[in-house]
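# Structural overview
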Amino acid sequence: MTSSDLWDEDTAARYDEFSAEMFAPEVLEPAVEFLARLADGGPVLEFAVGTGRVAIPLAARGIAVTGIELSQPMVDQLRRKVPAEQLPVVVGDMATTTVPGRFSLVYVVFNTIGNLRTQDEQVQCFRNAARHLAPGGRFVIELGVPAIRRFPPGQSAVPFEVTDRHVGFDTYDMVTQQATSHHFRRLDDGSVRYGDHNFRYIWPAECDLMARLAGLTLEQRVAGWDGAPFTSDSESHVSVWRKPLDASGRAS
């Protein structure tokens, strides 16, 4: 049984609306371009495909995309956009669920690996990615850097967005690495809606160790999809790990 929060029908129906900024061309297009370049024409697998924000434009480029998604309501929303023959999806968790075939690229975006709230599950996610990769294939994650540098003594919460429509902040337990995102959204009728989302935060170095346990090697780490350098001040990272080639030095 996965530790991830499960998106229900109401959350799935509102997901695209509440994540509208992630669909903006200046946000989405660099991500699609980055992933398409790494796929190099090969088939790709998205863990936690959701409503298809990234997978659908990748498939529109002629890339064979398959998804794994824990929430059936999220898959139902995706099916309103594209049919199964265009973008097949298996319902299950990204730590253990498998699909047929080998892929040139496996990826998980928008901090979603943190939905797995135990270290063991996150290690299994890396191993599951490696299991699906062809030799020479790559695993990519997009993940925020924990914001605890911003905490003064005694503080356990940090805001990540404050607007007239949305106030969001994260609370962190620095002993267990458990965290919760809290969202207060003002709706069109003036009412306020609260929602929360639980996750386990991971440091980049911890990701690298998980990758090594899965037999993957760090190839690239940048601050974002635009390829900006990753520095000590970066608030997020896009990291790429590669599966070794075969003994002859060729991808097979």
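Residues numbered from 1 in each chain as written. Predicted model: local features only at pLDDT ≥ 70, side-chain atom pairs only at ≥ 80, totals over all residues. Heavy atoms only, no water.

### Points about helix α5 (residues 119–132)
As a reminder of what qualifies: Numbering of helices and strands runs from the N terminus, with a helix taken as a DSSP run of H or I at least four residues long and a strand as a DSSP run of E at least two residues long. Multiplying 1.5 Å by the residue count of a helix minus one yields the expected span of that helix. Accessible area is worked out with a 1.4 Å probe on protein chains only. A residue is then buried under 20% of its type maximum, exposed over 50%, and partly exposed in between. Two residues form a contact once any of their heavy atoms are found within 4.5 Å.
Along its 14 residues, α5 runs 20 Å from first to last C-alpha, staying within 8% of the 20 Å computed at 1.5 Å per residue. Looking at α5, one finds that the buried residues are Glu121, Gln122, Val123, Cys125, Phe126, Asn128, Ala129, Ala130 and His132. Buried-residue contacts for α5 involve β1 (44–47), β4 (103–108), β5 (133–144), β9 (192–200), α6 (204–213) and β11 (236–242).

### Looking at the sheet that holds strand β3 (residues 89–91)
Worth spelling out the cut-off: Here a strand pair is declared whenever DSSP counts at least two bridges between the two strands. Helix axes are fitted to C-alpha atoms over the stretch in contact, other axes to C-alpha atoms as well, and angles between N-to-C directions run from 0 to 180 degrees.
Across the sheet, seven strands lie side by side as β3-β2-β1-β4-β5-β11-β10; this open sheet has mixed pairing. Of all the strands in the sheet, the pair left with one neighbour each is β3 and β10 (217–222). Pairs of neighbouring strands in the sheet enclose a mean axial angle of 20 degrees, with direction left out of account. Against the sheet, α5 engages β1, β4, β5 and β11, with an angle of about 145 degrees to β5.

### What about the packing of helix α1 (residues 9–18) against helix α4 (residues 72–79)?
The test is simple: Oblique is the label for every angle not falling under 35 degrees (roughly parallel), over 145 degrees (roughly antiparallel), or within 65 to 115 degrees (roughly perpendicular). Crossing handedness is read from the near helix: turned anticlockwise from the far helix by less than a right angle, it gives a left-handed crossing, and turned clockwise, a right-handed one. Residues were grouped as follows: Ala, Val, Leu, Ile, Met, Phe, Trp, Tyr, Cys and Pro as nonpolar; Asp, Glu, Lys and Arg as charged; and all remaining residues, including Gly, as polar.
Where α1 contacts α4, the axes come no closer than 8 Å and their chain directions differ by 40 degrees. The pairing of α1 with α4 is recorded here as oblique in orientation. Between α1 and α4 lies a crossing of right-handed hand. Contacts between α1 and α4 involve Glu9, Ala12, Ala13 and Tyr15 from the former and Pro73, Met74 and Gln77 from the latter. Looking at the contact of α1 with α4 residue by residue, the class counts come to five nonpolar, one polar and one charged.

### Brief notes about helix α2 (residues 25–39)
Taking 1.5 Å of rise per residue, 15 residues should cover 21 Å, and α2 covers 20 Å from first to last C-alpha, within 8% of that figure. Listed as buried for α2 are Leu28, Ala31, Val32, Phe34, Leu35, Ala36, Leu38 and Ala39. Next to the buried residues of α2 lie β1, α3 (55–60), β4, β5, β10 and β11. Looking one or two residues beyond α2, the residue adopting positive phi is Asp40, at roughly 55 degrees.

### Some thoughts on the packing of α5 against α6
It is the contact of α5 with α6, at a shortest axis distance of 8 Å, that shows an interaxial angle of 55 degrees. Classified by the interaxial angle, the pair formed by α5 and α6 is oblique. In the crossing of α5 with α6, the sense of the turn from one axis to the other is right-handed. Together, Gln119, Gln122, Val123, Phe126 and Arg127 of α5 and Glu206, Cys207, Met210, Ala211 and Leu213 of α6 make up the contact between the two elements.

### So, the nonpolar core
Where we set the bar: For this analysis, a nonpolar core means a set of buried residues of the types Ala, Val, Leu, Ile, Met, Phe, Trp, Tyr and Cys, connected via side-chain atoms within 4.5 Å.
Of all hydrophobic cores here, the largest spans 30 residues; its most connected members are Leu58, Val65, Tyr107 and Val140. Only α2, α3, α4, β4 and β11 provide two or more residues apiece to this core. Counting residues per element, this core draws most heavily on α2, which supplies eight residues. For Tyr107, the contacting residues outside a window of four places in its chain are Leu35, Val44, Leu45, Glu46, Phe47, Val54, Ala55, Leu58, Val65, Phe139 and Val140. With 27 residues, the next largest nonpolar core counts Val108, Ile113, Leu133 and Trp241 among its residues.

### Notes on the packing of aromatic side chains
Put simply, the rule reads: For Phe, Tyr and Trp, where Trp contributes only its six-membered ring, two rings pair if their centres lie within 6.5 Å, and the inter-plane angle classes them as stacked under 30 degrees, edge-to-face over 60, or tilted in between. A ring has a charge above it when a Lys NZ or an Arg CZ is no more than 6 Å from the ring centre and no more than 35 degrees off the ring normal.
Using the criterion set out here, one finds ten aromatic pairs in the structure. Their ring planes at 75 degrees and their centres at 5.2 Å tell us that Phe34 and Trp225 sit as a pair that is edge-to-face. Separated by 191 residues along the polypeptide, Phe34 in helix α2 and Trp225 in the loop between β10 and β11 bring together distant segments of the chain. Looking at Phe34, the relative accessible area reads 2%, which means it is buried. Judged by its relative accessible area of 11%, Trp225 falls in the buried class. Put simply, the rings of Phe47, Phe126, Phe139 and Trp241 touch in pairs and so form one group of aromatic residues. A cation over an aromatic ring shows up here: Arg37 above the ring of Phe34, its NZ or CZ 5.3 Å from the ring centre. A cation over a ring is seen here: Arg185 above Phe18, with NZ or CZ 4.2 Å from the ring centre.

### Examining the state of the cysteines
Going by this rule: In plain terms, two cysteine sulfur atoms within 2.5 Å form what is called a disulfide here.
Enumeration over the complete set of coordinates arrives at zero disulfides. Cysteine Cys207 shares no disulfide, and the gap to the nearest cysteine sulfur, in Cys125, comes to 10.0 Å.

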